[in-house]
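Residue-level structure breakdown
So the chains spell out like this:
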Amino acid sequence: LTEKIDQLVLPACAVEAALEGDFELQGYMFEASMEQLRTPRTVRVGLIQNRIVLPTDAPVLDQITALHKRIGEMVDVAAMCGVNIVCFQEAWTMPFAFCTREKEPWTEFAESAEEGYTTRFCQELAKKYNMVVISPILEREEVHNVLWNTAVVVSNSGSVLGKTRKNHIPRVGDFNESTYYMEGNTGHKVFQTQFGRIAVNICYGRHHPLNWFMYSMNGAEIIFNPSATVGGLSEPMWSIEARNAAIANHCFTCGINRVGTEHFNNEFTSGDGKKAHQDFGYFYGSSYVAAPDGSRSPGLSRTRDGLLVTEMDLNLTRQISDKWSFKMTGRYAEYAEELTRATKQDFKPNIIKE
Ligand SMILES: NC(=O)NCCC(=O)O
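Keep in mind it's a predicted model, so treat the numbers as computed, not measured.

Now for the site of the ligand. In the vicinity of the ligand there are 14 residues, among which Glu-90, Lys-166, Arg-206, His-207 and Thr-229 approach most closely. Residue Lys-166 places a side-chain N or O atom 2.7 Å away from an oxygen atom belonging to the ligand. Here Arg-206 contributes a side-chain N or O atom positioned 2.9 Å from an oxygen atom of the ligand. If the ligand stood free it would expose 280 Å²; the protein chains cover 99% of that surface.

Structure representation (structure tokens):
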């Protein structure tokens, strides 16, 4: 169904800047029917995927600053393309070092969601470009000194609208994230922005249909899925999960994955009897947007930095909901009751035997 998608013509200055900055720039459009009582609710969304800039053994602040510079240049191009909401990849200010299980220096990348340099940096971008910025970082919550995997949502006014934390922490492959931070405690927040209602389902949460569902129950029209995931593990699932969530929940979904292979100084093992190694494998990019009608944009490159700009008419969410009525036909009260019973210690599965 990618053939249903029209390309979005992007300004020549943006195309040139992307060429000069050596990153891919793609633009697509999702249209909706014209309605009599509502005007189109058109919004432009930018997804940014990238490799890390400096080697993983460069000083921490240099690594962060180099990523700010790189992403700042890409946001400049997003602004030229009229982007209203931009989302970066999971833990965008750092290498995805959680495979190592080392605490130092990786926990030094953690920053305050409200006051950290990265949030300040995003606030500047948001104000300058009248753009909502979704900034997934490693958060240090300073009152209790707890680390979290958090997306900070900066409003286009430049103020911090709020933050939302990763609900599901992987226990698969080299994703040793449970060594560093806890399951999120912020529920399924939806942020009302000037450009639509948005939510952030961070990485591994995309394997949980009920996680997407709860954001949608709270009214999300666009659900972002900033990720860090590697070839050989999740690639066969990547093109399906966010797309299916868009269909099932009558909303737009945006999958973002980093690119490149990140090398670490010290070897680590995967607990599978294989030899110790110094990298996680390659992050395969392929960021894309899926629409509630089942269509999707082509993915960005598997290997290059990129900016994907999509224009979407949010009226499509209600139009598809009216057509398919999944929200209306869902038997949620029944599921809720059965689920409540299923989560109890004394639960007996409802299996009928002869
Ligand atoms: N970052 C993260 O949660 N990755 C886990 C692997 C996956 O979900 O593909």
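There's more to say after this.
Turning next to the pattern of salt bridges. In a structure, side chains of opposite charge can pair up when their charged atoms sit close to one another. As enumerated under the stated definition, the model contains 21 salt bridges in all. Linking Arg-304 and Asp-22 is a salt bridge whose minimum nitrogen-to-oxygen distance equals 3.2 Å. In this pair, Arg-304 is assigned in the loop between strand E14 (288-290) and strand E15 (306-313) and Asp-22 in the loop between helix H1 (12-20) and strand E2 (24-30), connecting sequence segments 282 residues apart. Note that Arg-341 and Glu-337 form a salt bridge whose closest N and O atoms lie 3.6 Å from each other. Of this pair, Arg-341 and Glu-337 both sit in helix H8 (residues 332-342), separated by four residues, roughly a single helical turn.

Before going further, it helps to spend a moment on the UniProt feature "domain: CN hydrolase" (unreviewed entry) in the chain. Within this numbering scheme, the UniProt entry marks residues 43-314 as carrying the feature "domain: CN hydrolase" (unreviewed entry). Taken end to end, residues 43-314 is 21% helix and 31% strand, and its two terminal C-alpha atoms sit 7 Å from one another.

Inspection of the entire model under this criterion finds 19 aromatic pairs. Plain terms: the ring middles of Trp-106 and Phe-109 are 6.2 Å apart, the flat faces sit at 15° to each other, and that makes the pair stacked. Both residues of the pair, Trp-106 and Phe-109, count as buried. Arranged with centres 6.1 Å apart and planes meeting at 80°, the rings of Trp-238 and Tyr-288 form a pair that is edge-to-face. Remark: Tyr-288 occurs in strand E14 and Trp-238 occurs in helix H5 (residues 235-249); sequence separation between them is 50 residues.

Bringing the side chain of Thr-193 into the picture now. Note that Thr-193 resides in strand E8 (residues 191-193). Non-local contacts of Thr-193, meaning those with residues more than four positions away in its chain, are made with Ile-85, Val-132, Leu-161 and Ile-198.

We now examine the sheet that holds E8. Across the sheet, which stays open at both edges, the five strands sit in the order E8-E9-E10-E11-E14 with mixed pairing between neighbours. Looking at the sheet topology across the chains shown, the edges are occupied by E8 and E14. Going from strand to strand, the sheet's axes swing by 25° on average, the running direction of each strand aside. Together, strand E10 (222-227), strand E11 (252-257) and E14 form the strand contacts of H5, whose direction differs from that of E14 by roughly 35°.

Moving on, we get to the side chain of Asn-167. Within the secondary structure layout, Asn-167 lies in the loop between strand E7 (160-165) and E8. By relative accessible area, which is 14% here, Asn-167 ends up buried. In terms of polar contacts, Asn-167 uses its side chain to reach the side chain of His-188, at 3.4 Å. A polar contact of 3.2 Å, which involves the side chain of Asn-167, links it to the side chain of Tyr-215. For Asn-167, the contacting residues outside a window of four places in its chain are Glu-183, Gly-184, Gly-187, His-188, Asn-211 and Tyr-215.

Turning to the sheet that holds E2, a few remarks are in order. Across the sheet, which stays open at both edges, the eight strands sit in the order E1-E2-E15-E3-E4-E5-E6-E7 with mixed pairing between neighbours. Among the strands making up the open sheet, the edge pair consists of strand E1 (6-7) and E7. Sheet topology note: the E2/E15 ladder contains seven bridges and is parallel. Within E15, the position partnered with Met-29 by the bridge is Glu-311.

The next thing to look at is the pairing of E11. Across a regular strand the side chains alternate sides, sitting on one face of the sheet and then on the other. Taken across its six residues, E11 has six buried, putting it largely inside the fold. With burial as the criterion, each face of E11 is covered, one bearing Phe-252, Cys-254 and Ile-256 and the other bearing Thr-253, Gly-255 and Asn-257. Across six bridges, the pairing between E10 and E11 is parallel. Paired with Ile-222 across the strands is Phe-252, a residue of E11.

Together, Leu-210, Tyr-335 and Leu-339 make up an exposed nonpolar region whose accessible area comes to about 300 Å². Structurally, the position occupied by Leu-339 is in helix H8. Here Leu-339 falls in the partly exposed class, since its relative accessible area comes to 41%.

What counts as what
- Residues numbered from 1 in each chain as written.
- Predicted model: local features only at pLDDT ≥ 70, side-chain atom pairs only at ≥ 80, totals over all residues.
- Heavy atoms only, no water.
- Near = heavy atom within 4 Å.
- Polar contact = N/O pair within 3.5 Å; in protein donor to acceptor, adjacent residues only side chain to side chain.
- Areas by Shrake-Rupley, 256 points an atom, 1.4 Å probe, with all protein chains shown as cover.
- Salt bridge = Lys/Arg side-chain N within 4 Å of Asp/Glu carboxyl O.
- Helix = DSSP H or I, 4+ residues; strand = E, 2+ residues; numbered from the N terminus.
- UniProt positions renumbered as here; feature names shortened; annotations may be inferred.
- Phe/Tyr/Trp six-rings, centres within 6.5 Å; stacked < 30°, edge-to-face > 60°.
- Buried < 20%, exposed > 50% of the residue type's maximum accessible area, 1.4 Å probe, protein only.
- Contact = heavy atoms within 4.5 Å.
- Pairing = 2+ DSSP bridges.
- Axes fitted to C-alpha atoms, helices over the stretch in contact; angles between N-to-C directions.
- Patch = residues over 30% accessible without salt bridge, like charges linked within 9 Å, V, L, I, M, F, W, Y side chains within 5 Å.

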